[in-house]
Amino acid sequence: MSDDIYREIILDHYRNPRNKGKLSNADVSIHDNNPLCGDEIDIHLKVEEDKIKDIKFEGRGCAISQASASMLTEMIMGKSLNTVKDLTKEDILENIGLINLGPARIKCALLSLKVLKLGMIKYYADKDPPSAMKLSDDTKLY
Amino acid sequence: MSDDIYREIILDHYRNPRNKGKLSNADVSIHDNNPLCGDEIDIHLKVEEDKIKDIKFEGRGCAISQASASMLTEMIMGKSLNTVKDLTKEDILENIGLINLGPARIKCALLSLKVLKLGMIKYYADKDPPSAMKLSDDTKLY
Amino acid sequence: MQKATLNVSRIRQDFPILKRKIKGNKTLVYLDNAATTQKPIPVINAICNYYMNYNSNIHRAVYQLAEEATLEYEKTREKIAKFINAHSTDEIIFTRNATEAINLVSYSWARTNVEKDEKVVLTEIEHHSNIVPWQILTQEKGAKLEYVGIDDKGYLNIEEYKKYIQRDKVKLVSVSHMSNVLGTIMPVKEIIKMAHQKSIPVLIDGAQSVPHMPVDVRDIDCDFLAFSAHKMLGPTGVGVLYVKREILNEMPPFIGGGDMIREVHKYDTRYNDLPYKFEGGTPNIADVIAFGAAIDYLNKIGMDKVREHEMDVTNYAINAIHDLKGIIIYGPSDVNNRGGVVSFNIGDIHPHDLATIMNDHGIAIRSGHHCAQVLMERLDVAATSRASFYIYNTKEEVDAFINALDEARRLFRI
Amino acid sequence: MQKATLNVSRIRQDFPILKRKIKGNKTLVYLDNAATTQKPIPVINAICNYYMNYNSNIHRAVYQLAEEATLEYEKTREKIAKFINAHSTDEIIFTRNATEAINLVSYSWARTNVEKDEKVVLTEIEHHSNIVPWQILTQEKGAKLEYVGIDDKGYLNIEEYKKYIQRDKVKLVSVSHMSNVLGTIMPVKEIIKMAHQKSIPVLIDGAQSVPHMPVDVRDIDCDFLAFSAHKMLGPTGVGVLYVKREILNEMPPFIGGGDMIREVHKYDTRYNDLPYKFEGGTPNIADVIAFGAAIDYLNKIGMDKVREHEMDVTNYAINAIHDLKGIIIYGPSDVNNRGGVVSFNIGDIHPHDLATIMNDHGIAIRSGHHCAQVLMERLDVAATSRASFYIYNTKEEVDAFINALDEARRLFRI
Ligand SMILES: Cc1ncc(COP(=O)(O)O)c(C=O)c1O
Ligand SMILES: Cc1ncc(COP(=O)(O)O)c(C=O)c1O
């Protein structure tokens, strides 16, 4: 029910997003939107030694998509790309504490993960990924 | 029921059509088909003093369409165009003795009348019809 | 304003879905009628009856089922011709939806008539279905698209419209009769008159008008009118394109195939009579027949009454939310100039979040760009919430909607 | 030949229309399945259930009805992808019918790929739906149409086919998998292989094959496959176009409007992901969902069994009429090479007259050119009579058909 969804923490991230903005020296920037509802997310990544040195996002959309993006940036800041690439849909839903979203709203929650995955693909498009790293080009999350 | 439709006289006109063939000195020749079933009728008319001096038809199709055309030529041979133009769908159905045809087969029975009406329109297209004569350009019979 | 006189509680009994429970025990309150309406029993029965008793392919067969199906299918065409006051059934073409109807005009009429540097004039309120086909066309032809603007209340400036139309090289005007976001009813009769003075044909997107008010093609004198069955009690999968006979006569075919031909030879074809020339392949027979039942249903009520009832409910809804803190209602405030569509935003509650909260209360409203992103850009919003009404909606349902809205404001502390 | 193992009497109970009486007291014998098939109760129920319980516009809404409808609609896409063994649901596009599916290829793929003096290769057996779109295209482009001939038994000469394909400038091969008149099953796998050696894509008109036998797009390796729901127990108003993903990626959109876009701006649009890019406007939601129920029904029986049963009934019918005085049966005599379609003429009884007489006995057969006038010219007939079978037809029904045929011969004294 909506009381569970629109908890204090979600509204807080929606209204006071963390790591929101541009990144002037980004190594990769990527944009996508949800064609069904129009939510938009841009993610900018600064990478150093295969770690996420810095991350910022821009976007507009519903509380779920924007809070989820904000929480995602906190979650992966400083993490290695190898860890990040394996993030699953379940990881995200757990991170934001919403595990019972219906099929329509789940797309909102996962949009930032989708953009992140597209960003990884773009980042490695002209480099070889580290030998141990297997990058899937499947960005279908729902 | 089909016993009533496929009477001796219909089969006779179907197999031994009257006035079938071309007319070398026709004043007007007209062709049409039934788009739904492909039946075809050509009518050739020789007109003299606003009377049908001679009429011939060509065609292929079902017993009903061909017998109806054959019987129509007999019916109007020598008649004045003024009479012919007023022929109704009921006149034709009575002439061939089929008054209970369903909506699909009635088109077969009336194809030759439709072609005849088109022929009258074509005949008068470059002449004025006699003053007393009102020619409708509505060829919708069904 | 006249008092609405619909017997809504009787009408509601004809719509089984209105008894549906949502989220356990909440009765469905369906307020997304601009997207698609619900269907009354006679429409559902018409479909079942067709499949249980006389399903068969039409037009070409001699046996009884096919005769019955052909008759019923063509009866709907007659009903529609009458419903919009067309001159003849020849002018009524069945398509899949309003979108395909507009595309038919674009592919057939416009592709043969619009040339390089010529213009198609739209407005900023158009639905994507009345934008994208013209983008595709004008890009292909090197032609131009122009958009007449609206003011902040959602009205057209008719003087500005006139300027657009009077410029050179305008080949087509296409305009929505009623906005699916703002509800604005466009002055189509005036627009058409202006355009015809310059011999420019006009396409009316009637997807939102034909279901909700009397529309008379001879009175407004439009050249093309497109609408969808599913937005007026009919089934999904059926649209209508009305085309004035003189224009239709000159149009090349669109979808090629069975049923639209008279004679096919290897290298050439004679096309069928109107309107069949534009209906290629096996039609959506069952749903066209059921659409006939929907028209009967609406006729029984009377389109004047439909319009009155919607004005009444819309008025009630606008008045009830008008003074809420942080609310913005888009479109004209006078219900005489608008249909039963209320778009709004409230505080920083995103429309999707609002729709989710509403759904918890059994209330179905739409949120998003409503296939009108050009308008969203004009309004400078990403999305709106939208409640839209039809013959079965009641003021009690509006109250339930407002209670849910209060709940959303509580959750978001607005 | 294997024995058919369908439990036909059980199957018949699922088809309410088979109890229909014609001309007072004659039980319907429905033998026009190549035109459209009857629908079992689960398919009819799927439509009713949708309208009674969760009718709503799909893809864009947040509320529960719309989520349910979207889910069910997309489930059918999955079922179809599996049914024809496509790689992915992205390759499955819903259209109105097979005709529109072929037109989609013509308007989108062919318009961007076929140029002046290039060729589209067809065969003499094609349905108008696989002829007229190519006439329109080639006339517009100044391109050429070519027809590979058939022999007197209704077979293709594969060596001749090869010659056509190996000539220069062939841009597309389009061929029916099974003739709707002769029943001939075409060697599509061989044809596709030949064409692919010259990198020519192949469209398979599967309107008569997909409903009647197992068809595996990966096995035959076709580039496009078109078919209609209504010919395989599904409702009218739904067709399918399968397109190989690599090709689909390059295709421009066809119908522009709502649902097929990602972002619309005034002068440009980003289109939606596959396959939605090709589905403009509100889809035929109810009927797509019901088509899913039809696929389930066929899967439960098994397409191998469907094919076996039809071979059995067809064989019985051909043997029974084979030696009648004055009869001509068109197409292959070996049921291993043909589907359950028996076209014939007898004496000088015109097919329409025969169909009228048959109807008096409750028997529905088709008469005419069957939307295959090019083939009629080849056979040098104006029309044929056609009986065509499906899973619910029995040998007793064939007997009734033959009795009526005897009656017609008596009336016409043949
Ligand atoms: C104004 C307007 N035009 C066109 C359409 C398209 O209708 P459909 O999706 O039935 O083709 C709609 C419906 O969403 C609409 O509201
Ligand atoms: C071989 C063939 N192709 C195409 C079609 C066209 O199918 P539809 O009318 O459903 O578009 C048919 C059906 O008549 C057919 O038999």
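As the structure is a computational prediction, the values presented were derived from the model and not from experiment.

1. Side note on the overall build of chain C
Right, on to step 1. Helix and strand counts for chain C come out as 14 helices and 17 strands.
Right, on to step 2. Relative to the globule expectation of 22 Å for 414 residues, the C-alpha radius of gyration of chain C, 22 Å, shows essentially globular dimensions.
Right, on to step 3. Along the longest, intermediate and shortest principal axes, the C-alpha atoms of chain C span 70 × 55 × 35 Å.
Right, on to step 4. Burial status across chain C gives 71% buried among its 414 residues.
Right, on to step 5. A separation threshold of at least 6 residues defines the contact pool for chain C, and within that pool the share at least 24 residues apart is 71%.
Right, on to step 6. A total accessible area of about 12800 Å² is found for chain C, and carbon and sulfur atoms account for 47% of it.
Right, on to step 7. For chain C, the separation between the mean place of its 49 positive charges and that of its 53 negative charges on side chains is 2 Å.

2. What to know about the overall build of chain A
Right, on to step 1. Summing up its helical and strand segments, chain A has six helices and three strands in all.
Right, on to step 2. Going from N to C terminus, chain A has its helices and strands arranged as α-α-β-β-β-α-α-α-α.
Right, on to step 3. For chain A, whose C-alpha radius of gyration is 14 Å, the value lies close to the compact-globule estimate of 14 Å for 142 residues.
Right, on to step 4. Across its three principal directions, the C-alpha atoms of chain A cover 45 × 30 × 25 Å.

3. Observations concerning the sheet that holds strand 1 (residues 28–33) of chain B
Residues and elements named next belong to chain B.
Right, on to step 1. Read across the open sheet, the three strands follow the order 1-2-3; overall the sheet is antiparallel. Both outer strands of the open sheet, strand 1 and strand 3 (51–60), are each paired with one neighbouring strand and no more. Adjacent strand axes in the sheet meet at a mean angle of 15°, parallel and antiparallel pairs treated alike.
Right, on to step 2. Bridging between strand 1 and strand 2 (residues 40–48) involves six bridges; their strand directions are antiparallel. The residue of strand 2 that forms the bridge with Val-28 is Leu-45.
Right, on to step 3. The sheet strands contacting helix 6 (residues 103–124) are strand 1 and strand 2, and the helix crosses strand 1 at an angle near 140°.

4. What about helix 3 (residues 63–76) of chain B?
Residue and element names in this part refer to chain B.
Right, on to step 1. With 14 residues, helix 3 extends 20 Å between its outermost C-alpha atoms, agreeing within 8% with the 20 Å of an ideal straight helix rising 1.5 Å per residue.
Right, on to step 2. Of all 14 residues in helix 3, 12 are buried; the element is thus mostly enclosed.
Right, on to step 3. Remark: Gly-78 follows helix 3 within two positions and exhibits a positive phi of approximately 85°.

5. Things to note about the site of ligand 1
Right, on to step 1. In the neighbourhood of ligand 1, 15 residues make up the surrounding shell, with C:Thr99, C:Asp205, C:Ser228, C:Lys231 and D:Thr282 lying closest.
Right, on to step 2. The environment around ligand 1 is built from residues contributed by chains C and D.
Right, on to step 3. With respect to ligand 1, the side chain of C:Thr99 contributes an N or O atom lying 2.5 Å from an oxygen atom.
Right, on to step 4. The separation between an oxygen atom of ligand 1 and a polar side-chain atom of C:Ser228 is 2.5 Å.
Right, on to step 5. The protein chains hide 95% of the 390 Å² of surface that ligand 1 would expose on its own.
Right, on to step 6. Split into classes, the residues belonging to the shell around ligand 1 amount to two nonpolar, 11 polar and two charged.

6. A look at the interface of chain A and chain C
Right, on to step 1. Between chain A and chain C, the residue contacts involve 18 residues of the former and 18 residues of the latter.
Right, on to step 2. Across the interface of chain A and chain C, roughly 1500 Å² is buried in total on both sides, 49% from carbon and sulfur atoms.
Right, on to step 3. Of all residues in chain A, A:Met1, A:Tyr6 and A:Arg15 bury the most surface against chain C, accounting for 30% of the area lost on that side.
Right, on to step 4. The interface formed by chain A and chain C holds four salt bridges in total.
Right, on to step 5. In this structure, A:Arg15 and C:Asp348 form a salt bridge, with 2.6 Å as the shortest nitrogen-oxygen distance.
Right, on to step 6. Joining chain A to chain C, the criterion identifies 11 residue pairs in polar contact (both at pLDDT 80 or more).
Right, on to step 7. Residue assignment for the side of chain A that touches chain C shows that the elements contributing at least two residues are helix 1 (2–5), helix 2 (8–15) and helix 3 (63–76) of chain A.
Right, on to step 8. Across the side of chain A that touches chain C, the residue classes tally to 10 nonpolar, two polar and six charged.

7. Focus: the packing of aromatic side chains
The relation between two aromatic rings is expressed through the spacing of the ring centres and the mutual angle of the planes.
Right, on to step 1. Taken as a whole, this structure holds 32 aromatic pairs over all chains when the rule is applied.
Right, on to step 2. Summarising the aromatic geometry, the rings of A:Tyr123 and A:Tyr124 are spaced 5.0 Å apart at their centres and angled 75° between planes, so their arrangement reads as edge-to-face. Each of the two residues, A:Tyr123 as well as A:Tyr124, counts as buried.
Right, on to step 3. Aromatic pair D:Phe15 and D:Tyr297: ring centres 6.0 Å apart, planes at 85°, arrangement edge-to-face.

8. Topic: the site of ligand 2
Right, on to step 1. Residues in contact with ligand 2 amount to 15 residues; listed here are only the nearest, C:Thr282, D:Thr99, D:Asp205, D:Ser228 and D:Lys231.
Right, on to step 2. Chain contributions to the surroundings of ligand 2 come from chains C and D.
Right, on to step 3. At 2.7 Å from an oxygen atom of ligand 2 is found a side-chain nitrogen or oxygen belonging to D:Gln208.
Right, on to step 4. Coverage of ligand 2 by the protein amounts to 95% of the 400 Å² it exposes when considered alone.

9. Brief notes about the pairing of strand 9 (residues 224–228) of chain D
All names here are of chain D.
Right, on to step 1. Within strand 9, five of the five residues are buried, which leaves it mostly tucked inside the rest of the structure.
Right, on to step 2. Residue alternation in strand 9 divides its side chains into two sets, Phe-224, Ala-226 and Ser-228 and Leu-225 and Phe-227, and both sets are buried.
Right, on to step 3. Where strand 9 lies against strand 10 (residues 239–243), five bridges are found, and the strand directions are antiparallel. Residue pairing for strand 10: Phe-224 is matched across the bridge by Val-243.

10. Notes on the sheet that holds strand 9 (residues 224–228) of chain C
Residues and elements named next belong to chain C.
Right, on to step 1. Reading across from one edge, 4-10-9-8-7-5-6 is the order of the seven strands in this open sheet, with mixed pairing throughout. Looking at which strands have only one partner, the edges of the open sheet turn out to be strand 4 (92–95) and strand 6 (144–148). Between one strand and the next, the sheet's axes are offset by a mean angle of 20°, whatever the strand orientation.
Right, on to step 2. Two strands pair when backbone bridges link them, and strand 5 (residues 119–123) and strand 7 (residues 170–176) are joined in this way by three bridges, in the parallel orientation. Pairing of Lys-119 across the sheet is with Val-170, part of strand 7.
Right, on to step 3. The strands touched by helix 4 (residues 98–113) are strand 4, strand 7, strand 8 (202–205), strand 9 and strand 10 (239–243); relative to strand 9, the strand with the most contacts, the crossing angle is about 155°.

11. A closer look at the nonpolar core
Right, on to step 1. Ranked by size, the top nonpolar core spans 184 residues in total, and within it C:Ile391 and D:Ile391 carry the most contacts.
Right, on to step 2. Once you skip the residues sitting within four places of it in the chain, C:Ile391 turns out to touch C:Leu6, C:Val8, C:Ile11, C:Phe15, C:Leu233, C:Tyr297, C:Ile301, C:Val306 and C:His309.

12. Looking at the arrangement of the chains
Right, on to step 1. A comparison of contact numbers over the five pairs of chains in contact places chains C and D at the top.
Right, on to step 2. Left apart from each other, chain A and chain B have a closest C-alpha approach of 44 Å.

13. Focus on the interface of chain C and chain D
Note: interface size is frequently given as the accessible area lost on complex formation between the parts.
Right, on to step 1. Every contact between the two is made by 93 residues of chain C and, on the other side, 93 residues of chain D.
Right, on to step 2. Summed over both sides, the interface of chain C with chain D buries roughly 7700 Å², with 54% coming from carbon and sulfur.
Right, on to step 3. If you look at where chain C meets chain D, you find six salt bridges.
Right, on to step 4. C:Arg20 is the partner of D:Glu68 in a salt bridge, and the nearest nitrogen-oxygen pair spans 2.7 Å.
Right, on to step 5. Counting across the chain C and chain D interface gives 52 residue pairs in polar contact (both at pLDDT 80 or more).

14. Here's the deal with the environment of D:His87
Right, on to step 1. Take D:His87: it is sitting in the loop between helix 3 (64–83) and strand 4 (92–95).
Right, on to step 2. As a C-alpha pair, D:His87 and D:Asn336 span 249 residues in sequence and 29 Å in three-dimensional space.

15. Some points on the domain arrangement of chain C
Residue and element names in this part refer to chain C.
Right, on to step 1. In terms of domains, chain C is made up of domain 1 (8–30 + 302–411) and domain 2 (44–299).
Right, on to step 2. The gap between the C-alpha centroids of domain 1 and domain 2 is 28 Å.
Right, on to step 3. In this complex, domain 1 contributes 35 residues to the contact, which on the side of domain 2 involves 33 residues.
Right, on to step 4. Summing the contributions of domain 1 and of domain 2, the shared interface buries around 2700 Å²; its carbon and sulfur component is 61%.
Right, on to step 5. Connecting domain 1 to domain 2 are two salt bridges.

16. Notes on the relation of the copies chain C and chain D
Right, on to step 1. The two copies are related by a screw operation: chain C maps onto chain D through 180° of rotation and 0.0 Å of translation along the axis, at an RMSD of 0.0 Å. Taken together, the turn and the small shift mark the pair as related by a two-fold rotation axis.
Right, on to step 2. Comparing interface residues between copies, 100% of those in chain C also lie at the interface in chain D; the contact surface is shared.

What counts, and where the lines are drawn
- Residues numbered from 1 in each chain as written.
- Chains lettered and ligands numbered in written order.
- Predicted model: local features only at pLDDT ≥ 70, side-chain atom pairs only at ≥ 80, totals over all residues.
- Heavy atoms only, no water.
- Helix = DSSP H or I, 4+ residues; strand = E, 2+ residues; numbered from the N terminus.
- Rg over C-alpha atoms; globule rule 2.2 N^0.38 Å.
- Buried < 20%, exposed > 50% of the residue type's maximum accessible area, 1.4 Å probe, protein only.
- Contact = heavy atoms within 4.5 Å.
- Areas by Shrake-Rupley, 256 points an atom, 1.4 Å probe, with all protein chains shown as cover.
- Lys, Arg positive; Asp, Glu negative; His and termini not counted.
- Charge placed at Lys NZ, Arg CZ, Asp CG, Glu CD.
- Pairing = 2+ DSSP bridges.
- Axes fitted to C-alpha atoms, helices over the stretch in contact; angles between N-to-C directions.
- Expected span 1.5 Å × (residues − 1).
- Near = heavy atom within 4 Å.
- Polar contact = N/O pair within 3.5 Å; in protein donor to acceptor, adjacent residues only side chain to side chain.
- Nonpolar A, V, L, I, M, F, W, Y, C, P; charged D, E, K, R; others polar.
- Buried area = accessible area lost by both parts, 1.4 Å probe.
- Salt bridge = Lys/Arg side-chain N within 4 Å of Asp/Glu carboxyl O.
- Phe/Tyr/Trp six-rings, centres within 6.5 Å; stacked < 30°, edge-to-face > 60°.
- Core = buried A, V, L, I, M, F, W, Y, C linked by side-chain atoms within 4.5 Å.
- Domains from an automatic or database assignment.
- Least-squares fit on C-alpha atoms with pLDDT ≥ 70 in both.

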